[in-house]
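Take a look at the letters that make up each chain.
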Amino acid sequence: PENTEAEPTATQQTEPEQTEPADDGFNDYLAALKEQSDSLKAALQQEDLTQAELNQKSQELYQLWDDALNELWGKLRDSLPEDEFDKLLDEQLDWIEDKETAAKEAGKSYEGGSVYPLIVNSEAARITEDRVYELYKLLK
C-alpha cells in the first residue's frame, strides 16, 4: 500500500509539539545563553590564550550566568506567591554565601598566582549555571 501522508519538505514547516507551559521566551533566552556559554567554555579549553585572556574569558562566563540568574530571579519574583518567594529569598542568600565560599576554596592553593582568577571565576560560573537550571524548574 502507498503511503498517502506526505513527508514534510525543506520548505514545509511542521508545528512543534508544545510540551512545556509558555514562559515568555525564557526557554529561548536559556537556549541562547547555553550557546554563548558553550562557546566561552570551548575557547577556555581549546584556544591558545594568554593567562590574562583566560582570566577574562572566565570572568565573561561567570558574568553570563550571573546575569541569567538575576534575570530569572525577576521572573520568579513576578510569578511565585509572596510566601514562596520570601522562603526562596532566604535560601538564595544562603546559596550566595555558599557559592562565594566554594569559589574562594577552589582558588585557595592558587592565591596570589596569575591563574587564581581563572579558577575562582570558573568555579563560580559552574555553581551559578547549576543554580540557574535549578531555579528555572520553579518557573514550570
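What counts as what
Residues numbered from 1 in each chain as written. Predicted model: local features only at pLDDT ≥ 70, side-chain atom pairs only at ≥ 80, totals over all residues. Heavy atoms only, no water. Helix = DSSP H or I, 4+ residues; strand = E, 2+ residues; numbered from the N terminus. Buried < 20%, exposed > 50% of the residue type's maximum accessible area, 1.4 Å probe, protein only. Contact = heavy atoms within 4.5 Å. Core = buried A, V, L, I, M, F, W, Y, C linked by side-chain atoms within 4.5 Å. Phe/Tyr/Trp six-rings, centres within 6.5 Å; stacked < 30°, edge-to-face > 60°.

Peer 1: Outline the side chain of Thr-128, listing residues and values.
Peer 2: One can find Thr-128 in helix H4 (residues 116-136). According to the relative accessible area criterion, Thr-128 is buried, its value standing at 0%. With residues up to four places along the chain from it excluded, the contact list for Thr-128 reads Tyr-62, Trp-65, Asp-66, Leu-69, Trp-95 and Lys-99.

Peer 1: Lay out the nonpolar core in plain terms, naming residues and giving numbers.
Peer 2: Ranked by size, the top nonpolar core spans 29 residues in total, and within it Leu-30, Trp-65, Leu-72, Leu-76, Val-132 and Leu-135 carry the most contacts. If you list the elements that add at least two residues to this core, you get helix H1 (26-46), helix H2 (51-79), helix H3 (82-107) and H4. Of the residues forming this core, the biggest block, ten residues, is contributed by H2. Apart from the residues within four sequence positions on either side, Leu-135 is in contact with Leu-69, Leu-72, Trp-73, Leu-76, Leu-88 and Gln-92.

Peer 1: Tell me about the packing of aromatic side chains, and please be specific about residues and values.
Peer 2: For the structure shown, the criterion picks out four aromatic pairs. Taking 5.7 Å as the distance between ring centres and 50° as the angle between the ring planes, the aromatic pair formed by Trp-65 and Tyr-133 counts as tilted. A residue pair is termed long-range when its members are at least 10 positions apart, and Trp-65 in helix H2 and Tyr-133 in helix H4 qualify at 68 residues. According to the relative accessible area criterion, Trp-65 is buried, its value standing at 0%. Arranged with centres 5.1 Å apart and planes meeting at 50°, the rings of Trp-73 and Phe-85 form a pair that is tilted. Pair noted here: Trp-73 is in helix H2 and Phe-85 is in helix H3, with a separation of twelve residues, a long-range link. Residues Trp-73 and Phe-85 agree in their burial class; the two are buried.

On their own, these measurements won't tell you what the molecule is for.
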